[in-house]
Amino acid sequence: MFSAFPLFRLLTLLLCWPVRLLVRFKVVPDNTVTELALDTGRPLLYICHTRSASDLATLRRVCRQLQLPDPLQQVELNGQLYRRTLFLEKPHAIIGGRGKTRALEQGQALLQAHLEDPGLDAQLVPAAILWGRAPGKENSIKWLLGEAHAPHWLAKMLIVLVSGRHTLVRFSRAVSLKQMAAQFGAEISTARKLLRMSRFHFYRQKLAATGPKLVNRSQLFNALLASPALRQAIEEEARSKQMPLKQARQRARLLLQEIAADYRESTLRVGDRVLSWLWKKLYSGIKVNNADMLRDLAQRGHEIVYVPCHRSHMDYLLLSYVIYHQGLVPPHIAAGINLNFWPAGTIFRRGGAFFIRRSFSGDKLYSAVFREYLSQLFSKGYAVKYYTEGGRSRTGRLLTPKTGMLAMTVQAMLRGIDRPVTLVPVYLGYEHVMEVNTYVSELQGAGKQKESIGGVFQAIRKLRNYGYGYVNFGEPIQLNQYLNQQVPDWKNHIHPLQVQKPHWLNPLVAKLSRQLMQQINQSAALNAINLLAICLLASEKRTLTRPELSQQLNCYLQLQQQVPYHQQVSLPDSDAEAIIAHALSMGKVELSSDHFGELLSLTSENAVLLSYYRNNVLHLFMLPALLASAVLHHRALSYNQLLQIIEQLYPLLQQELYIYVSSVRTYCQALLQQLTEQGLLLCIDNQYQAPEQQSQGYFQLNLLARIAEDTLQRYAIVLNLLQNDQVQHRAELEQLSHQQAQRLLSLHGIAAPEYYDKNLFAMLSQALKEAGYCHADSDNRLLAADKLPQLASTVNALLRSEVLQSLQSIMVVPAKTE
């Protein structure tokens, strides 16, 4: 039944060798069988969009590589033979129309076979074959290069010749024909429903991979300048600056030229080849997690806004590259205007970058032009990426988010976008950040180096193996649902001009930005370098024996496995010894030996640099470290006493480290149980105690506790200054805190770049104010609240005695003004 047409089969077989020579393909997902949960023990069929011999020859080659059944062979169901591959449409004829495929009757026959045999359960797998990733242009007649729907054989031959080296083969989750037949029957209407769903599926697949059709840049500018919101802004500019309307309009056009991307698919193709070479040279591999969620969102028609953390200039390239290799169109990227230098600016712009100034500086026309351009990207359906931190982190911690782009995203929704918009937080991690030396210099007072082509060549000369890179996609926030929950009547504020901000916009965006930061941290990647940094930086003289280091690594890995900070945190696949070997191969640690065995240590320079990587994941270990510190300094505490300490510090940690756990009580209880099982704690008469001082458990508990030391010392500096009434204004508090931190660095050899960062003290003073530990009087002087001494006492009690003594001694010495 439905035997394959001999001529079509013969043509497909004849095309196998030309396809092998002309076609290079990328398969999505990478681990197709595993990620799509395909059961090779059950019958498997394919459904494709167009009945094309070149498509089928390519699919055969892919299936052979994946060890899946040959799509050209027949499949036996209930003793009858069926074609394994269904085609929705026939290609156009050069002259005339096109005929229909037999997919409808094939589909009905397959459903009927499942009704007749309830034990039968075949899988129907959609297979989309995209020749090139060009989105095409609006109002374009250039359909021969892949923009046509089901092109005829001559057009298809040209398509294969031009775009065959950039083919994307995308498999999707299988449809269970058994379930469909049981739910809807085997009527002709059910078969139509199956084909209708498949057509829509393939349309969404193509849109997700190529993006919407491109608009001619000059036509886009004309459309934007003619929009009511921008016309109004241009008129206001002309009035306020007393210039001719034509001149104000020309300035708006120049601003658009400065801002707008000039997206070209050819740039992406070249960039893909260059970056594939670069990543092989730079990294041992790129590890990607939770990418299936992205593909699912794109398949469901969501407008995706990527919100990554910002570690390095590599972020721009790495994230777009990963998205492209997931079979999705790379986003338009909000890039700082500092990157718009020749020739990088032109390349970035053609790769989808649009440029934004660091500050709008009260320039209302610039603000209006930028907001209108961003709104246009959303309304057309382009994916967008921006960094809410506003710049690269110099300490390895997440920065305080800048809410401008996020606010404009919400405002774009208030213009009436008719599709769901989803924010996707992205954690970007590296085992080596190429700018890390520069970051430490900048924190110590050196000026920021301006980006230039000379700097690019200098960076290229220093290329070496940087270990692994990590791209973890976090839990998405569907903006429509978020607005429904936070502002149920938000749709009442929808207006095409959206001139005035709703009163709820600023507080909503501030809350949303903090949640995004928390969800970025919930997707953190533990790796060899940040784990070693956590261990060695907590040790005396930053040195451990090999067995001690191995035991501590295993302790932390087990802690995250048994009591994960969040389910989306990714852990290394290797064990402690493999982690140590990898770090040694990268030159991050030094290995020495004596008569007693091997020692692993950090040089003074490496200690400062590795604190950057420690800070990437500090939030994962902060609460267990505080529990360990409390037990060590108080000797014996009940669960409730430990919880009280954590709950006092938790609001400050939320502000600084963007820590969030759904239940502090439950999480701490699980941590205490796990630490007890590992032998780091003893629970006697419901009191938690440290093991004997000479024991391995005590040694490991002490290392864990010292993870929190730098944070607690900074808290103690600020709290004691406030408590002793040594400051009057917030700026003075931040200055004095910074000076005292420098003194502690000198006295105790602390290796932490954040001690140089005045912004952390500013963040802490704000957190104390929001938590009610201090307040400002009518003269804007900071005053300690009644509950601040209790917090100060809690923090002081968690410090080592020598550090506390140093801190108290420098409190009474007036600092020199800068």
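Residues numbered from 1 in each chain as written. Predicted model: local features only at pLDDT ≥ 70, side-chain atom pairs only at ≥ 80, totals over all residues. Heavy atoms only, no water.

*Asks:* Which residues make up the sheet that holds strand E17 (residues 543-545), and what values go with them?
*Replies:* Here we have 3 strands laid out as an open sheet, ordered E17-E19-E18, and antiparallel in their pairing. The open sheet has two edge strands, E17 and strand E18 (590-594), and neither has a second partner. Taken pair by pair, the neighbouring strands of this sheet meet at an average axis angle of 30°, ignoring direction. Where E18 lies against strand E19 (residues 597-601), 5 bridges are found, and the strand directions are antiparallel. Looking at the pairing, Leu591 lines up with Leu600 of E19. Contacts from helix H23 (residues 546-562) reach E17, E18 and E19 within the one sheet, and its direction differs from that of E17 by about 95°. (Pairing = 2+ DSSP bridges. Helix = DSSP H or I, 4+ residues; strand = E, 2+ residues; numbered from the N terminus. Axes fitted to C-alpha atoms, helices over the stretch in contact; angles between N-to-C directions. Contact = heavy atoms within 4.5 Å.)

*Asks:* How would you explain the nonpolar core if you had to name every residue and give the values?
*Replies:* Nonpolar side chains tend toward joint burial in soluble globular proteins. Ranked by size, the top nonpolar core spans 146 residues in total, and within it Tyr306, Phe473, Tyr556, Leu649 and Leu768 carry the most contacts. Excluding residues that lie within four positions of it along the chain, Leu768 makes contacts with Leu652, Val718, Leu719, Leu722, Tyr773, Cys774 and Leu791. Grouped together as the second largest cluster of nonpolar side chains are 61 residues, Ile259, Val369, Leu374 and Ala407 included. (Core = buried A, V, L, I, M, F, W, Y, C linked by side-chain atoms within 4.5 Å. Buried < 20%, exposed > 50% of the residue type's maximum accessible area, 1.4 Å probe, protein only.)

*Asks:* With reference to specific residues and values, describe a nonpolar patch on the surface.
*Replies:* Residues Leu21, Leu22, Ile94, Ile95, Trp153, Leu154, Met157, Leu158, Leu161 and Val162 make up a contiguous nonpolar surface patch of roughly 1000 Å² in combined accessible area. Those elements that provide at least two residues to the nonpolar patch are helix H2 (16-22) and helix H6 (153-163). For the nonpolar patch, the leading source of residues is H6, giving 6 residues. Its place among the elements puts Ile94 in the loop between strand E5 (85-89) and helix H5 (103-116). (Patch = residues over 30% accessible without salt bridge, like charges linked within 9 Å, V, L, I, M, F, W, Y side chains within 5 Å. Areas by Shrake-Rupley, 256 points an atom, 1.4 Å probe, with all protein chains shown as cover. Salt bridge = Lys/Arg side-chain N within 4 Å of Asp/Glu carboxyl O.)

*Asks:* Pulling in residues and values, what's your account of the environment of Val440?
*Replies:* Along the chain, the position of Val440 falls in helix H18 (residues 436-443). Sequence spacing of Val440 and Thr395 is 45 residues, and the spatial spacing of their C-alpha atoms is 7.9 Å. If sequence neighbours within four positions are ignored, Val440 has contacts with Val608 and Leu609.

*Asks:* Let's hear about the packing of helix H27 (residues 639-657) against helix H30 (residues 709-723): which residues, and what values?
*Replies:* One can describe the packing of H27 onto H30 by two numbers: an axis separation of 13 Å at closest approach and a directional angle of 105°. Between H27 and H30, the interaxial angle falls into the category roughly perpendicular. Along its contact with H27, which presents Leu649, Leu652, Leu653 and Glu656, the element H30 presents Thr711, Leu712, Arg714 and Tyr715. Residues that form the contact of H27 with H30 fall into these classes: 5 nonpolar, 1 polar and 2 charged. (Parallel < 35°, antiparallel > 145°, perpendicular 65-115°, else oblique. Nonpolar A, V, L, I, M, F, W, Y, C, P; charged D, E, K, R; others polar.)

*Asks:* Lay out the pattern of salt bridges in plain terms, naming residues and giving numbers.
*Replies:* Counted under the stated rule, the structure contains 30 salt bridges. Its salt-bridge partner being Asp70, residue Arg60 comes within 2.8 Å of it at the nearest N-O pair. Residue Arg60 is located in helix H4 (residues 53-66), and its partner Asp70 is located in the loop between H4 and strand E3 (74-77); the two are separated by 10 residues in the primary sequence. The pair formed by Arg60 and Asp70 is uniform in burial state, with each residue classed as buried. Salt bridges sharing common partners tie together Glu237, Lys241, Arg251, Glu258, Arg357 and Asp363.

*Asks:* Describe in detail the environment of Asn216, supporting the description with residues and values.
*Replies:* Within the element layout of this structure, Asn216 appears in the loop between helix H8 (188-210) and helix H9 (217-225). What makes Asn216 partly exposed here is its relative accessible area of 41%. Taking C-alpha positions, Asn216 is 7.4 Å from Lys137, a pair spaced 79 residues apart along the chain.

*Asks:* Account for H27, with residues named and values stated.
*Replies:* Think of an α-helix as turning once every 3.6 residues; residues three or four places apart then point the same way. Along H27, the helix axis deviates most sharply at Tyr650, where the bend reaches about 40°; the proline Pro651 sits within four residues downstream. Once H27 ends, the next one or two residues include Tyr658, with phi positive near 50°. (Bend = angle between axes of the 7 residues up to and from the residue.)

*Asks:* With reference to specific residues and values, describe the environment of Leu600.
*Replies:* Topologically, Leu600 is positioned in strand E19. Residue Leu600 is classed as buried on the basis of its relative accessible area, which comes to 0%. For the pair Leu600 and Ile707, spaced 107 residues apart in sequence, the C-alpha to C-alpha distance is 18 Å. Those residues in contact with Leu600, other than ones at most four positions away along the chain, are Leu536, Arg542, Thr543, Leu544, Arg546, Leu549, Ile580, Leu584, Val589, Glu590 and Leu591.

*Asks:* How would you sum up the packing of aromatic side chains? Please name residues and give values.
*Replies:* Evaluation of the coordinates by the stated rule reveals 15 aromatic pairs. Ring centres of Tyr366 and Phe370 lie 6.3 Å apart, and the angle between their planes is 25°; on these two criteria the pair is classed as stacked. With Tyr366 and Phe370 both in helix H16 (residues 364-380), this residue pair falls 4 residues apart, about one helical turn. Measuring from centroid to centroid gives 5.7 Å for Tyr439 and Tyr612, while their planes differ by 35°, and the two rings are tilted. You can see Tyr439 sitting in helix H18 and its partner Tyr612 sitting in helix H25 (residues 604-616), a full 173 residues away along the chain. For Tyr439, a relative accessible area of 1% gives the class buried. Taking relative accessible area as the criterion, Tyr612 reaches 1% and is therefore assigned buried. A connected cluster of aromatic rings, assembled from ring pairs, spans Trp279, Tyr283, Tyr321, Tyr430 and Tyr466. (Phe/Tyr/Trp six-rings, centres within 6.5 Å; stacked < 30°, edge-to-face > 60°.)

Spatial relationships are all this shows, so hold off on functional conclusions.
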